[in-house]
Amino acid sequence: SSFSNEYSSLYYNQKNYIYKNILLIPFQAQMAAIDLDSGKLLWKNQLHTSADDAIEGQGYKAYRNYYDYALLKILTYQIDIRNGDMYLIKKDTFPPESVVINRTPVPFVNSQGDSLLICTAVHQNGETKETQSHISFYNLSKGEVVFTTNIYPLNREGLGITKPPLLDLKNKSVIFIAFDQIICYDTEKYKELWRLKMDRDMLTSQPALIDELLYYPSEDGFLYQINPRNGKINWKCKTSGTPGRVSGYKNAVCIIGGGDAKWHIIDKKTGDELYYLKTPNLVNYPSSGFQRTLSVCPDQGIAVCCDDRDVMCFQL
């Protein structure tokens, strides 16, 4: 599908949503749905002038947060990905002259069959600079917050929740990243299960659950594998700072470093680097390097990536 010049506003670390043959893509305050079978644009729309760069979903229902700075409101919409119909399901207000980051909530159904949203918020007071981070569980059926708590210490440095919640369905838990801390909460009893303070924060990547293990690509130049049940670090592997996202294939995980522009392939079990790749364009262009975007398709055994010149497909 053609987005004319809109592709230039796509953010490499954004979160798209895919269900069956429909891909939903956010770009700035807009959204577009693409039929993956035909490549045709199903629909495109825009609400408000600012929105979160992540879309979460469950089945044909997707969710996204929008900001209305004139009304001082954060608006959560439910989207029917088949036709683009939008339904306002939640409104939150914030004080004027403040900095707010409310990530798009993550939907799930608990063991009692209740539909809930896992919400996060970071608010910085414009005068005092005091920054608060809190999480909440919102019951969609009842239309009310059933649990909320502060998750990161009050500070004046603007530090707080930096990533969307990561739902772990197998362990009935959810993982939050708040600056340099990883915090795991039980999604049934809403209690903290464990908390792990890392040496550095995660800036350019996202946490990932691959084969029931948690991966944390850190700004200290290491990739960490963590047991999501207890927060214990299994191993760490030297990669590079400012990395892209982690992908998995068979016995390995892959990540492209932003600092070294290399594609690192790491053994899942041991954490040893099996090998690394540099872009083939180095032969003719010595300054070339892989960019951070990497897409692995395990079913087909291929990976697609790019450097500053070409898009490439590799057989794994």
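Report on the accompanying structure. (Residues numbered from 1 in each chain as written. Predicted model: local features only at pLDDT ≥ 70, side-chain atom pairs only at ≥ 80, totals over all residues. Heavy atoms only, no water.)

As a further point, take empty space enclosed by the protein. A complete count under the given rule lists one cavity of 30 Å³ or more for this structure. Estimated volume of the largest cavity: approximately 40 Å³. Together, Asn65, Thr76, Lys90, Asp92, Asn102, Arg103, Pro105, Cys119 and Thr120 line the largest cavity. Elements supplying a minimum of two residues to the lining of the largest cavity: β9 (86-93) and β12 (115-124). For the lining of the largest cavity, the class distribution of residues is two nonpolar, four polar and three charged. (1 Å grid on protein atoms, 1.4 Å probe; cavity = no way out; pocket = protein on both sides within 12 Å on 5 of 7 lines; lining within 4 Å. Points joined across faces, edges and corners; volume = space filled by probe spheres on them. Helix = DSSP H or I, 4+ residues; strand = E, 2+ residues; numbered from the N terminus. Nonpolar A, V, L, I, M, F, W, Y, C, P; charged D, E, K, R; others polar.)

For the coordinates displayed, the defined rule picks out 16 aromatic pairs. Considering the side-chain rings of Phe108 and Phe137, the 6.4 Å spacing of their centres and the 85 degrees angle between planes classify their relative orientation as edge-to-face. One end of the pair, Phe108, is in strand β11 (residues 106-109); the other, Phe137, is in strand β13 (residues 131-139), with 29 residues separating them in the sequence. As far as burial versus exposure is concerned, Phe108 and Phe137 are alike and both buried. The rings of Phe108, Phe137, Phe147, Phe176, Tyr185 and Tyr190 are connected pair by pair, giving a single aromatic cluster. When the ring centre of Tyr60 is taken as origin, the NZ or CZ atom of Arg82, which lies over that ring, is 4.4 Å away. Of note, Lys236 hangs over the ring of Phe222, and the distance from its end group to the ring centre comes to 4.4 Å. (Phe/Tyr/Trp six-rings, centres within 6.5 Å; stacked < 30°, edge-to-face > 60°. Buried < 20%, exposed > 50% of the residue type's maximum accessible area, 1.4 Å probe, protein only. Lys NZ or Arg CZ within 6 Å of the ring centre and 35° of its normal.)

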